[in-house]
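Below, each chain spelled out in residue letters.
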Amino acid sequence: MDNNKKIIIAIDGFSSSGKSTMAKELARRIGYRYIDSGAMYRAVTLYALEHGMILDGGNVDTTALTAALDDIRIDFQPCADGQHTLLNGRDVEKEIRSLRVSSSVSPVAVIPAVRHALVAQQQAFGKERGIVMDGRDIGTTVFPDAELKIYVNAPAETRARRRWLELQQKGDTDTTYEQVLENVVSRDHIDMTREESPLRRADDAVDLDNSDMSIEQQNAWLIDQYNRVAGA
Ligand code: DC
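Attention in this report is confined to the structure presented alongside it. (Residues numbered from 1 in each chain as written. Predicted model: local features only at pLDDT ≥ 70, side-chain atom pairs only at ≥ 80, totals over all residues. Heavy atoms only, no water.)

Concerning the sheet that holds strand β2 (residues 33-36)
At step 1: The strand order β2-β6-β1-β7-β8 describes an open sheet built from five strands, whose pairing is parallel. The open sheet has two edge strands with one neighbour each: β2 and β8 (206-208). Within this sheet the neighbouring strands show an average axis-to-axis angle of 20°, counted without direction.
At step 2: Where β2 lies against strand β6 (residues 131-135), four bridges are found, and the strand directions are parallel. In the strand pairing of β6, Ile35 is matched with Met133.
At step 3: Packing of helix α9 (residues 215-230) onto the sheet brings it into contact with β1 (8-13), β7 (148-152) and β8, and relative to β7 it is tilted by some 155°. (Pairing = 2+ DSSP bridges. Helix = DSSP H or I, 4+ residues; strand = E, 2+ residues; numbered from the N terminus. Axes fitted to C-alpha atoms, helices over the stretch in contact; angles between N-to-C directions. Contact = heavy atoms within 4.5 Å.)

Here you go:
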């Protein structure tokens, strides 16, 4: 039995930095709840798409979406293959990872009313502590008092190579490494320059550049960080 005190662990970083994989595995090893905050932005985006709130050209009907926020309930359910995201009770885990959702999520995630609603829900998930949450603004906005904050900071080239290899393994041989790198750099730019809660390293975060780490080395590093803080 783990006698460490229950803490909040915030893992922030760019897309394709491997933060979801590490957050999930850390939560599993220490018996904490894992919350994927990006999945929440994706679920709201799916709702907006399904209710005709994303207009031609990609603009979002902000007024309609803001008015609908009280009708959007997001939960997480443990499943055999990991945790699934529920949108108003419906399992949408697969749909929220689709290209359709990925292409529309950035303009939804910049809407202040959406962020306020989701940040409030994320804070409610952390009430009992004992959670690992990953995202962009977890250590800065959602849980500025988190005991352990990790900022994953692998270079764009490393992340693009990982994504490109993943695509190759999935049978996509058309997309070039240069195209993936361009996409990664442009998403980094959006994440860092948006007005509402941009991706920013919290002053008290611990940096992790996992470019040259194996998954096992990364997991061991995370457990060391956890023991350093929770065991103190
Ligand atoms: O991590 P991800 O790719 O699943 O995130 C999906 C989108 O949500 C991405 O555009 C960044 C945004 N996001 C955010 O703005 N704040 C968070 N805490 C998590 C994700």
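A look at the packing of aromatic side chains
At step 1: Enumeration over the complete set of coordinates arrives at two aromatic pairs.
At step 2: Measuring from centroid to centroid gives 5.8 Å for Tyr32 and Tyr226, while their planes differ by 85°, and the two rings are edge-to-face. Taken together, the residues span a long stretch of sequence, with Tyr32 in the loop between α1 (19-30) and β2 and Tyr226 in helix α9 at a distance of 194 residues. The pair formed by Tyr32 and Tyr226 is uniform in burial state, with each residue classed as buried.
At step 3: Centre to centre, the rings of Phe76 and Phe125 are 5.9 Å apart; their planes meet at 55°, and the pair counts as tilted. Of this pair, Phe76 sits in strand β3 (residues 74-79) while Phe125 sits in helix α5 (residues 112-125); the two residues are 49 residues apart in sequence, bridging distant segments of the chain. For the pair Phe76 and Phe125, a shared accessibility class is recorded, and that class is buried.
At step 4: Taking the ring centre of Tyr177 as reference, the NZ or CZ of Arg161 above it sits at 4.3 Å. (Phe/Tyr/Trp six-rings, centres within 6.5 Å; stacked < 30°, edge-to-face > 60°. Buried < 20%, exposed > 50% of the residue type's maximum accessible area, 1.4 Å probe, protein only. Lys NZ or Arg CZ within 6 Å of the ring centre and 35° of its normal.)

Focus: empty space enclosed by the protein
At step 1: As enumerated under the stated definition, the model contains one cavity of 30 Å³ or more in all.
At step 2: Volume-wise, the largest cavity comes out at about 30 Å³.
At step 3: Forming the boundary of the largest cavity are Asp12, Gly139, Lys149, Ile150, Tyr151, Arg200, Ala202 and Ala205.
At step 4: In terms of residue count, β7 provides more of the lining of the largest cavity than any other element does, three residues in total.
At step 5: Its residues placed into classes, the lining of the largest cavity shows four nonpolar, one polar and three charged. (1 Å grid on protein atoms, 1.4 Å probe; cavity = no way out; pocket = protein on both sides within 12 Å on 5 of 7 lines; lining within 4 Å. Points joined across faces, edges and corners; volume = space filled by probe spheres on them. Nonpolar A, V, L, I, M, F, W, Y, C, P; charged D, E, K, R; others polar.)

That's the geometry; what it means functionally is another story.
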